[in-house]
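# Commentary on secondary and tertiary structure
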Amino acid sequence: MYRLLVLLLLIAANAQAIELKQSCPPSFEEREGRCYLVSRYQFFDSMQGKGVGGTHTGLPPIRDGFSPAQIDLGRYLFFDPILSRDHNLSCANCHQPQRGFSDGMGRSVGATGEPVKRGAPGLWNVGFLRRLFWDARATSLEEQARGPLFDPKEMANTPKQLLEDLSNSPEYEQLFATAFPEQDRAISISNVTLALAAFQSSLISLNSRYDQYALGYHQALSEQEIKGMNVYRSFVARCAECHTPPLFTNQQIAVIGTPEPEGLPLDIGAEATFDAPKLKGGFKVPSLRNIVNSGPYMHSGRFDNLEDAVRFYTQGRGHAVPEGVDMQIHWHIWEPNLSDQEITDIVAFLGALTDESLLPEIPTILPSGLMSLASTNQSLSPNANHKESEHE
Ligand code: HEC
Ligand code: HEC
């Protein structure tokens, strides 16, 4: 009886052997085995010389051209805690699909159980970004991924252990060989980061109610949202100068002088990346797509809700800069004197930037055999995961 049960279980397990997808994700079209983005925005000109805020502004180039298998392998890796030293943290712990690929915390918590320096940005449309991290210190998704993987405060892994763990998994051995068929030794750190980049570049959000409006369906926005959009684009508020459609970021660094959480020292941001004092307190302009789901807001999560984040802009240029700090606030940050009603209208408009229709499937079974934390409630608190692992 027992034997029969084991046999049945084995058959069941086998039946679930993981196979990588052979077709491109929605929004991508396949050409010669590679996936390329298709979007109506590609028919418009790029932003050059077009001013800002126009509904018919084109998209910058995206990282695409990955194979379906590479994208799908990246999806498994993204959700698999095997990437962390203690096998208890996946990328998805801090980039949760149901939270705009952020984690609901002001500052994320990793392997040490202590908050890291900054909050986790959302990852929708990240394939368009030329620089990564709040302080713009990485220039590719591959370079970026090495950050959390090997940071002692985040996933705390080492290249050696990561390669050993993946090579000890027959399932991964197979999947890497499928995704990188032309290579003898397919399991490598560069292939891990390439697959992660491929998956993240497939997180496309360009079909919100705002997009439907921009592309000609004028009923898609309510009257209040249209009012909010007009304030947003106005020369008084100037939001669109930096958070420029259609990505809702111009991808530049701006010094706007947001406050740190109570008691924390000033974060000099991009000054450190570029060794440029005029960028003290400068951060990458974040995209505002799916913004309602990715709070708290700003690099250190100082603002719990969107209303406070928007109100910051109308409280006076440099009002939160600590005394004695020389910060060169961007010239588009001024005192727009927005009324409460205008702030509420902008917040309503930001709500129309939500589109999660291409949310990827969260794997229920992982190649490592570990639990996908993102598919359980545990993922809502990385702290809880950490404490559990301490009891082991
Ligand atoms: C412990 C939580 C944590 C884990 C685990 C984690 N991240 Fe992050 N992620 C962050 C934080 C915090 C930042 C911002 C850090 C900064 O800017 O200094 C970030 C930034 C990023 C960015 C830059 C986004 C942008 O707009 O600039 C990408 C991409 C990213 N993470 C992908 C990943 C991937 C892929 C993994 C898994 C290999 C991962 N993260 C694991 C917390 C985490
Ligand atoms: C000069 C460029 C600039 C202008 C103008 C600007 N922003 Fe920002 N915005 C930024 C930067 C840079 C950040 C990140 C700052 C930080 O983390 O400290 C940011 C952050 C935000 C955030 C938080 C995003 C997140 O993911 O946490 C929101 C919301 C926001 N801006 C909305 C607006 C609105 C609404 C306006 C117009 C009233 C506006 N911004 C005008 C540059 C700008």
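## Topic: the coordination of the iron atom of ligand 2
Coordination of the iron atom of ligand 2 by the protein comes from His 243 (NE2) and Tyr 313 (OH), over a distance range of 1.8 to 2.0 Å. Among the residues examined, Tyr 313 registers a relative accessible area of 27% and is labelled partly exposed.

## Thoughts on the packing of aromatic side chains
Applying the stated criterion across every chain yields a total of 15 aromatic pairs. Consider the rings of Phe 78 and Phe 79, whose centres lie 5.4 Å apart with planes at 75°: the pair is edge-to-face. The same class applies to Phe 78 and to Phe 79, which are both buried. Aromatic pair Phe 78 and Phe 199: ring centres 5.2 Å apart, planes at 55°, arrangement tilted. With Phe 78 in helix α2 (residues 68-79) and Phe 199 in helix α7 (residues 189-200), this residue pair connects regions lying 121 residues apart in the sequence. Assessed through its relative accessible area of 1%, Phe 78 is described here as buried.

## Digging into the environment of Phe 312
For Phe 312, the position within the fold is in the loop between α12 (306-311) and α13 (340-351). Sequence separation of Phe 312 and Pro 259 is 53 residues, and the distance between their C-alpha atoms is 9.4 Å. If we skip the residues at most four places from it in the chain, Phe 312 touches Ile 256, Gly 257, Thr 258, Pro 259, Phe 303 and His 319.

## Describing the pairing of strand β1 (residues 28-31)
In the case of a regular strand, side chains alternate between the two sheet surfaces. Of the strand pairs in this sheet, β1 and strand β2 (residues 34-37) are connected by four bridges, and their pairing is antiparallel. Residue pairing across strands places Arg 31 opposite Arg 34, the latter belonging to β2. The hairpin turn running from β1 into β2, its antiparallel successor, is two residues long, and Glu 32 in that turn takes a positive phi close to 45°.

## A closer look at the site of ligand 1
Taken together, 27 residues lie near ligand 1, and Cys 91, Cys 94, His 95, Phe 133 and Trp 134 sit nearest. His 95 is positioned with one of its side-chain polar atoms (N or O) 2.9 Å from a nitrogen atom of ligand 1. A distance of 2.8 Å separates an oxygen atom of ligand 1 from a polar backbone atom of Trp 134. Going through the elements one at a time, α3 (91-94), α4 (141-150) and α7 are the ones with two or more residues in the shell around ligand 1. With four residues, α4 is the largest single contributor of residues to the shell around ligand 1. Residue composition of the shell around ligand 1, grouped by class: 16 nonpolar, seven polar and four charged.

## Thoughts on the confidence of the model for the protein
When pLDDT is averaged across the protein, the result is 91; 89% of the residues are at 70 or more. Across residues 376-392, confidence stays below pLDDT 50; counting only partners more than four residues off in sequence or on other chains, it has 27 contacts.

## With respect to the site of ligand 2
Near ligand 2 you find 23 residues, and of these Cys 239, Cys 242, His 243, Thr 258 and Tyr 313 are the closest. Within the backbone of Met 298, an N or O atom sits 2.7 Å from an oxygen atom of ligand 2. In the model, a nitrogen atom of ligand 2 is placed 2.7 Å from a nitrogen or oxygen of the Tyr 313 side chain. For the shell around ligand 2, a count of residues per class yields 18 nonpolar, four polar and one charged.

## Side note on the state of the cysteines
Counted under the stated rule, the structure contains one disulfide. Across a sulfur-sulfur distance of 2.2 Å, Cys 24 and Cys 35 are joined as a disulfide pair. On the sign convention where negative means left-handed, the S-S torsion of about -85° between Cys 24 and Cys 35 marks this disulfide as left-handed. Placement of the pair is Cys 24 in the loop between α1 (2-15) and β1 and Cys 35 in strand β2, with a sequence separation of 11 residues. For the pair shown, Cys 24 and Cys 35 are each scored as buried.

## Some words on the packing of α2 against helix α6 (residues 170-179)
Following both chains from N to C, one finds α2 and α6 inclined at 150°, their axes separated by 8 Å at the closest point. By the angle between their axes, α2 is roughly antiparallel relative to α6. α2 and α6 meet at a crossing whose hand is left-handed. When α2 is examined against α6, the residues Ala 69, Gln 70, Leu 73, Tyr 76 and Leu 77 are found in contact with a partner set consisting of Tyr 172, Leu 175, Phe 176, Thr 178 and Ala 179.

## Notes on the layout of surface pockets
Unfilled space is identified by rolling a water-sized probe across the atoms. Estimated volume of the second largest pocket: approximately 290 Å³. What lines the second largest pocket is a set of 15 residues, among which Lys 21, Pro 25, Pro 26, Arg 75 and Pro 360 lie closest to the centre. It is α2 that contributes the most residues to the lining of the second largest pocket, four residues altogether. Among the residues making up the lining of the second largest pocket, the classes are represented as nine nonpolar, two polar and four charged.

## Brief notes about α13
One turn of an α-helix holds 3.6 residues; hence residues three or four places apart share an orientation. Helix length check: α13, at 12 residues, gives a terminal C-alpha distance of 17 Å against a target of 16 Å (1.5 Å per residue), a fit within 8%. Residues of α13 that are buried: Ile 343, Asp 345, Ile 346, Ala 348, Phe 349 and Leu 350. Those residues of α13 hidden inside the fold are in contact with α8 (209-214), α9 (223-233) and α12.

## Some points on the side chain of His 299
For His 299, the location among the structural elements is in the loop between β4 (282-284) and α12. At 3.1 Å, the side chain of His 299 and the side chain of Glu 260 are in polar contact. Here His 299 is in contact with Gly 106, Arg 118, Gly 119, Trp 134, Thr 258, Glu 260, Asp 267 and Phe 283, once residues within four sequence places are set aside.

## Regarding unusual backbone geometry
Between Pro 245 and Pro 246 the backbone carries a cis peptide bond, its omega angle lying at 0°. Among the structural elements, Pro 246 can be located in the loop between α10 (239-242) and β3 (253-255). Note that the residue after Gly 295, namely Pro 296, is joined by a cis bond; omega there is -5°. Among the secondary structure elements, Pro 296 is positioned in the loop between β4 and α12. Here the phi dihedral of Phe 101 falls at roughly 65°; this positive angle occurs in a residue that is not glycine. Note on placement: Phe 101 falls in the loop between α3 and α4. By relative accessible area, Phe 101 is classed as buried at 0%. Phi at Asn 337 is positive, roughly 45°, even though this residue is not glycine. Here Asn 337 lies in the loop between α12 and α13. Taking relative accessible area as the criterion, Asn 337 reaches 59% and is therefore assigned exposed.

Rules used throughout
- Residues numbered from 1 in each chain as written.
- Chains lettered and ligands numbered in written order.
- Predicted model: local features only at pLDDT ≥ 70, side-chain atom pairs only at ≥ 80, totals over all residues.
- Heavy atoms only, no water.
- Donors = N, O, S within 2.8 Å, 3.2 Å for Na, K, Ca; no water.
- Buried < 20%, exposed > 50% of the residue type's maximum accessible area, 1.4 Å probe, protein only.
- Phe/Tyr/Trp six-rings, centres within 6.5 Å; stacked < 30°, edge-to-face > 60°.
- Helix = DSSP H or I, 4+ residues; strand = E, 2+ residues; numbered from the N terminus.
- Contact = heavy atoms within 4.5 Å.
- Pairing = 2+ DSSP bridges.
- Near = heavy atom within 4 Å.
- Polar contact = N/O pair within 3.5 Å; in protein donor to acceptor, adjacent residues only side chain to side chain.
- Nonpolar A, V, L, I, M, F, W, Y, C, P; charged D, E, K, R; others polar.
- pLDDT = per-residue confidence, 0-100.
- Disulfide = S-S within 2.5 Å.
- Axes fitted to C-alpha atoms, helices over the stretch in contact; angles between N-to-C directions.
- Parallel < 35°, antiparallel > 145°, perpendicular 65-115°, else oblique.
- Left-handed = near helix turned anticlockwise from the far one by under 90°.
- 1 Å grid on protein atoms, 1.4 Å probe; cavity = no way out; pocket = protein on both sides within 12 Å on 5 of 7 lines; lining within 4 Å.
- Points joined across faces, edges and corners; volume = space filled by probe spheres on them.
- Expected span 1.5 Å × (residues − 1).

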